[in-house]
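Residues per chain, in single letters:
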Amino acid sequence: EAVVSTQSTGEVSDGMIIFSELLTTFKHALSRVLILIICMGYGIVKPRLGSTKHLVFALGLAYCLFVSIDGIYTKLYAVSRPMTKQQRLYAKIPRAVINAILIWWIIASLVATIRTLRMRRN
């Protein structure tokens, strides 16, 4: 029904925009979390993630939350009510902080995994 409406009127419904934004955000969060888990050495150096699993899950959930809110707001509401430069900056800060934490954790985990593999001479 939504596709037929979009094809006949040329306008995309808000529900389709929200769904596509949530799906895209989930895919990005899942890929970042999987990369983090691999860089932590799961299955290579560590048989289990232990308590770190909860931190990884929480960071992935926070990523989904902040990025989806930012994306939905930008695609739906900022079109009718443009934001000032300062408002756009404040809207992007949580997303940038979560991305920075993820990238730092990925690099630190990869360095630790490589160090462990070198010590084991693998």
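The model shown is predicted, which means the values in this text are computed figures rather than measured ones.

K.L.:
Quick rundown of the layout of surface pockets? Include the residues and the values.
P.N.:
Put simply, the largest pocket is a space of about 170 Å³. In terms of lining residues, the largest pocket is bounded by Phe 26, Ala 29, Leu 30, Val 33, Val 56, Phe 57, Gly 60, Leu 61 and Cys 64. Counting residues per element, the ones that place at least two in the lining of the largest pocket are α2 (14-39) and α3 (52-80). Element by element, the count of residues in the lining of the largest pocket is highest for α3, at five residues.

K.L.:
Tell me about the confidence of the model for the chain, and please be specific about residues and values.
P.N.:
Averaged over the chain, the pLDDT score is 85; the fraction of residues at 70 or greater is 91%. Of all helices and strands in the chain, the one with the weakest mean pLDDT is helix α1 (residues 2-9) (60), whereas α2 scores best (91).

K.L.:
Could you give an account of α2, with specific residues and numbers?
P.N.:
When the terminal C-alpha atoms of α2 are compared, their 37 Å separation across 26 residues agrees well with the 38 Å that a helix rising 1.5 Å per residue should span. For α2, every residue scored as buried is listed here: Ile 17, Glu 21, Thr 25, Ala 29, Val 33, Leu 36, Ile 37 and Cys 39. Count one or two residues on from α2 and you reach Gly 41, which has phi positive near 90 degrees.

K.L.:
Explain the pattern of salt bridges to me, and be specific about the residues and the numbers.
P.N.:
Pairs can form between side chains of opposite charge whenever their charged atoms are close. Under the counting rule described, the total for this entry stands at three salt bridges. Arg 95 is the salt-bridge partner of Asp 70, the closest N and O atoms lying 2.8 Å from each other. Here Asp 70, found in helix α3, pairs with Arg 95, found in helix α4 (residues 85-119); they are 25 residues apart in sequence, far enough to count as distant. Residue Asp 70 is classed as buried on the basis of its relative accessible area of 5%. Members of the salt-bridge network, linked through shared partners, are Asp 70, Lys 92 and Arg 95.

K.L.:
Give a description of the nonpolar core that names residues and reports values.
P.N.:
Counting 16 residues, the largest nonpolar core has Leu 36, Met 40, Val 56, Tyr 63, Ile 98, Leu 102 and Trp 105 as its most contacted members. Among the secondary structure elements, those contributing two or more residues to this core are α2, α3 and α4. When near neighbours in sequence (up to four residues on either side) are disregarded, Leu 36 contacts Val 56, Leu 102, Trp 105, Ile 106 and Ser 109.

K.L.:
Go over the environment of Thr 113 with me, naming the residues and quoting the values.
P.N.:
Examined against the element boundaries, Thr 113 turns out to sit in helix α4. In this structure the C-alpha to C-alpha distance between Thr 113 and Ile 44, which are 69 residues apart in sequence, comes to 8.6 Å. Those residues in contact with Thr 113 that lie beyond four places of it in its chain are Cys 39, Met 40, Gly 41 and Val 45. Polar contacts involving the side chain of Thr 113 include one to the main-chain carbonyl oxygen of Met 40, which spans 3.5 Å.

K.L.:
Can you break down the environment of Ile 72 residue by residue, with the values?
P.N.:
By secondary structure assignment, the location of Ile 72 is in helix α3. Exposure remark for Ile 72: the relative accessible area of 16% places this residue in the buried category. Here the alpha-carbon distance between Ile 72 and Glu 21, two residues 51 residues apart in the chain, equals 6.5 Å. Sequence-distant contacts of Ile 72, that is, excluding residues within four places in its chain, are made with Ile 18, Glu 21, Leu 22 and Tyr 77.

K.L.:
Would you mind going over the state of the cysteines in detail, with residue names and values included?
P.N.:
By the definition in use, this model includes zero disulfides. Unpaired in this structure, Cys 39 has its nearest cysteine sulfur neighbour in Cys 64, at a distance of 19 Å. Judged by relative accessible area, which is 10%, Cys 39 ranks as buried.

What counts, and where the lines are drawn
Residues numbered from 1 in each chain as written. Predicted model: local features only at pLDDT ≥ 70, side-chain atom pairs only at ≥ 80, totals over all residues. Heavy atoms only, no water. 1 Å grid on protein atoms, 1.4 Å probe; cavity = no way out; pocket = protein on both sides within 12 Å on 5 of 7 lines; lining within 4 Å. Points joined across faces, edges and corners; volume = space filled by probe spheres on them. Helix = DSSP H or I, 4+ residues; strand = E, 2+ residues; numbered from the N terminus. pLDDT = per-residue confidence, 0-100. Expected span 1.5 Å × (residues − 1). Buried < 20%, exposed > 50% of the residue type's maximum accessible area, 1.4 Å probe, protein only. Salt bridge = Lys/Arg side-chain N within 4 Å of Asp/Glu carboxyl O. Core = buried A, V, L, I, M, F, W, Y, C linked by side-chain atoms within 4.5 Å. Contact = heavy atoms within 4.5 Å. Polar contact = N/O pair within 3.5 Å; in protein donor to acceptor, adjacent residues only side chain to side chain. Disulfide = S-S within 2.5 Å.

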